[in-house]
Amino acid sequence: MIKKIEHTAIIVANMDHAIQYYSDMFGFKVRLRGSSNIREMAFLYLEDQPSMEIELIRDIDPIGEYNKSGIVNHLAFAVEDINQAISYYEKKGIKFLSNQPNPTLEGGLMILFYGPNGELLQLIERARN
C-alpha cells in the first residue's frame, strides 16, 4: 500500500525566514506556497530528489493541538487511492482522526492518525494532473 515517504512537516514561526534558511543553507526550492484562514504552508524540494519534500507550516489561527505535536509535526506516506488505503488500514486497526479525508492545498486528499508511540502520521493522495 505505501508507495514512498511523501514529506516531513515542520512547524515554523516565520515562513519567509524558514524558506530562506532551507533555500540558502541546503539548496531547497519552493514548489508550492499558499495559505488558508488558519495556516500558511510551503512545500520545498531538492532538485536531485523532487519526490521527497519538506512542508513548512505556520499556524495563523492554531486549531486543537496540531502544532503541539512537535516542531517536526508528522510523517506523510503517499498512497495511490486514499479511500482504498483508509479501508485497508482500518481493517488493520488504525483509527483515523477524522471520518473522511481532508483536501490538501494542491487539490489532493489527506488523513491523519497516530502511530504506536503517539507520533502523528498522514496518508496523502496527491492531486492528479
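Calculation criteria
Residues numbered from 1 in each chain as written. Predicted model: local features only at pLDDT ≥ 70, side-chain atom pairs only at ≥ 80, totals over all residues. Heavy atoms only, no water. pLDDT = per-residue confidence, 0-100. Helix = DSSP H or I, 4+ residues; strand = E, 2+ residues; numbered from the N terminus. Buried < 20%, exposed > 50% of the residue type's maximum accessible area, 1.4 Å probe, protein only. Contact = heavy atoms within 4.5 Å. Phe/Tyr/Trp six-rings, centres within 6.5 Å; stacked < 30°, edge-to-face > 60°. Lys NZ or Arg CZ within 6 Å of the ring centre and 35° of its normal.

Student: Mind showing me how you'd approach the confidence of the model for the protein here?
Tutor: Atom-level detail of predicted coordinates should not be read off regions where pLDDT is low. Per-chain confidence: the protein averages 87 in pLDDT, with 91% of residues scoring 70 or above. When mean pLDDT is compared element by element in the protein, strand S2 (residues 29-35) scores highest at 96, while strand S5 (residues 72-78) scores lowest at 83.

Student: Even after reading the chapter, I still don't get the environment of Ala 76, so can you show me in this structure?
Tutor: Residue position: Ala 76 is located in strand S5. What makes Ala 76 buried here is its relative accessible area of 0%. Taking the C-alpha atoms as reference, Ala 76 lies 24 Å from His 17; in sequence the two are 59 residues apart. When neighbours within four sequence positions are excluded, Ala 76 is seen to be in contact with Lys 4, Ile 5, Glu 6, His 7, Gln 122 and Ile 124.

Student: Teacher, can you tell me more about the packing of aromatic side chains here?
Tutor: Each aromatic ring pair is characterised by the separation of its centres together with the angle its planes make. In the structure shown here, the tally under the stated rule is 6 aromatic pairs. Here the aromatic rings of Tyr 21 and Phe 26 are separated by 5.6 Å at their centres, their planes lie at 80°, and the arrangement is edge-to-face. Assessed through its relative accessible area of 37%, Tyr 21 is described here as partly exposed. Owing to a relative accessible area of 46%, Phe 26 belongs among the partly exposed residues under this scheme. Considering the side-chain rings of Tyr 88 and Tyr 89, the 4.8 Å spacing of their centres and the 85° angle between planes classify their relative orientation as edge-to-face. The class for Tyr 88 is partly exposed, based on a relative accessible area of 37%. Three or more aromatic residues link up through ring pairs in this structure, and these residues are Tyr 21, Tyr 22, Phe 26 and Phe 28. The ring of Phe 43 carries the charged tip of Arg 31 above its face, separated from the ring centre by 5.3 Å.

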